[in-house]
Amino acid sequence: MSRDSSVAPQGRIRVGDLGADPGLLFDEGAACLHYCAPTHGGWGVLRTALLVPEMYVLFVCPAACGRHGAIAAFEQGLKPRVGYLCIEEDEIVLGSYEDEIRTTVPLLLQRLAPRPKAFMIIVSCIDDLLGTDYTTMIAEFEAAHGIPFRVGRMNPITLGSGLPPQRRIQRDMYDFLAPPPFKDDSVGLIGPFSPLAQDSELRDMLARSGYGPVRHIADCSTFADFQKLAAARLNLVTRPEGIAAAETLAAKFGTPFVIAPVGFCDETIAARYQAIAEALGTSLDPEPARGAIELAVERARRAVGGRSIAVDGSATCSPFDLARALVERGFNVAQLVAHQLPAHERPALDWLARHVPELVVTSPIHPVRSWSRPEQPTADIAIGFSAGYLTGAPVTVPISFDEGLYGYHGLATVLDALATAASAQRPDTLEDMVRAYGLVV
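Residues numbered from 1 in each chain as written. Predicted model: local features only at pLDDT ≥ 70, side-chain atom pairs only at ≥ 80, totals over all residues. Heavy atoms only, no water.

Undergrad: Sorry, what's going on with the pairing of strand E10 (residues 308-312) here?
TA: The buried fraction of E10 is high, at five of five residues. Side chains of E10 alternate between two faces, with Ser-308, Ala-310 and Asp-312 and Ile-309 and Val-311 buried alike. In the sheet, E10 pairs with strand E11 (residues 332-337) via five bridges, with the strands oriented parallel. If you follow Asp-312 over to E11, its bridge partner there is Val-337. In this fold, the crossover linking E10 to E11 by way of helix H14 (residues 319-328) has right-handed handedness. Sheet topology places E10 next to strand E13 (residues 381-383); three bridges connect them, and they run parallel. (Buried < 20%, exposed > 50% of the residue type's maximum accessible area, 1.4 Å probe, protein only. Helix = DSSP H or I, 4+ residues; strand = E, 2+ residues; numbered from the N terminus. Pairing = 2+ DSSP bridges. Right-handed = clockwise from strand over helix to strand, strands pointing away.)

And the structure:
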């Protein structure tokens, strides 16, 4: 339980009452036990790792740890690229599962067609407790099979640490990059799980300044294409999951990086573009894009009216900033669902505490809140699936993980999705949300 349960005994608190230590509500500071279900949808470690094209994953874990990921792999069309080595209790206790890996990998590589260009062994938290050293094994595999090997980890026990699973897996994925023969003027996009939208103003602004293309791992169809990411002039980190990967590439190749998380309010977008411009030694002018979103704002206002909105941290890494942007444009944001408060969100939280202190912040992982779904909706519209579940809102805007969002184009995309969802004739059912979010239950 929370070390100070008086702060938010039900995992809910007015933003104006969060005070000087809002971390008490969130998983970084709450010292709070919570259930980490293996059923969450979206982008898990396995799906993220398989963004590396032509790579094969051998997942080594007890069957109970791997079953949901295996079913999700079927649903996502990834089955041909992943295998499971399910280990038993005696193999864990006696350490013989290392021998199982040494036996399984050569057999797999004899049978896989087409032959993978890279190979990752992903282990579960059990290995964190055992402390297995894979250095020799990996070197032997690379010498024997002539392809690069890496070890990845699906270890939720490190959530809340400086290197949680999603940061670590991206670091390990980008460690497959080899030193580039030369640097070009491309910009690498690290952290998000989907490429930047093709009509984003960021692409146009960079092109006018002589930089581009903007490369993202999901744009790469082959392992050779993936290697071009090493040639970036600058790496742009737009979600915190990419920080460790950018730090690794800076250390290996000297590639500078700038952390400019997705933002939605005018002040934040201006600051993000200023940071990118300074890192490149150029100027970027987003004002034309700012003026172009007013039509999207008006469409959304007409569709939503005065209905209450809940904003969710599964929709974006900047839910506080999105809430601020919507409040500034006249929307009725009444609730915010988040279990983290990254540093880039603190200015938006402070703004909300001053201007809409009655806005309720809910932790989705709090022991009380995590199992609750109200009989009567506590919001009319939810942006994001966790908020859709926890508020019981009849309308859920299906946005997850900032996919394709950035700058004013990103805000316009959210507003368009909000207008579309708010105008829908049929309310969302729980089954609709489960399917849309890719949950395995």
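Undergrad: Mind showing me how you'd approach the nonpolar core here?
TA: The biggest cluster of nonpolar side chains holds 70 residues, and the ones touching the most others in it are Leu-206, Ile-276, Phe-320, Leu-352 and Ile-383. It is helix H17 (residues 407-422) that provides the largest number of residues to this core, a total of ten residues. (Core = buried A, V, L, I, M, F, W, Y, C linked by side-chain atoms within 4.5 Å.)

Undergrad: What is the right way to read the packing of aromatic side chains from this model?
TA: For any pair of aromatic rings, the description consists of the separation of the ring centres together with the inter-plane angle of the planes. Summed over the entire model, instances satisfying the criterion amount to ten aromatic pairs. Relative to Phe-149, the ring of Phe-119 lies with its centre 4.9 Å away and its plane at 25 degrees, an arrangement referred to as stacked. Residue Phe-119 is found in strand E4 (residues 118-124), and its partner Phe-149 is found in strand E5 (residues 149-154); the two are separated by 30 residues along the sequence. You can call Phe-119 buried: its relative accessible area is 0%. Here Phe-149 falls in the buried class, since its relative accessible area comes to 1%. Ring centres of Tyr-273 and Tyr-406 lie 6.0 Å apart, and the angle between their planes is 65 degrees; on these two criteria the pair is classed as edge-to-face. Here Tyr-406 lies in the loop between strand E14 (395-397) and H17 and Tyr-273 lies in helix H11 (residues 266-280), a separation of 133 residues in the sequence. Overall, Tyr-406 belongs to the buried group, its relative accessible area being 3%. Put simply, the rings of Tyr-56, Phe-119, Phe-141 and Phe-149 touch in pairs and so form one group of aromatic residues. (Phe/Tyr/Trp six-rings, centres within 6.5 Å; stacked < 30°, edge-to-face > 60°.)

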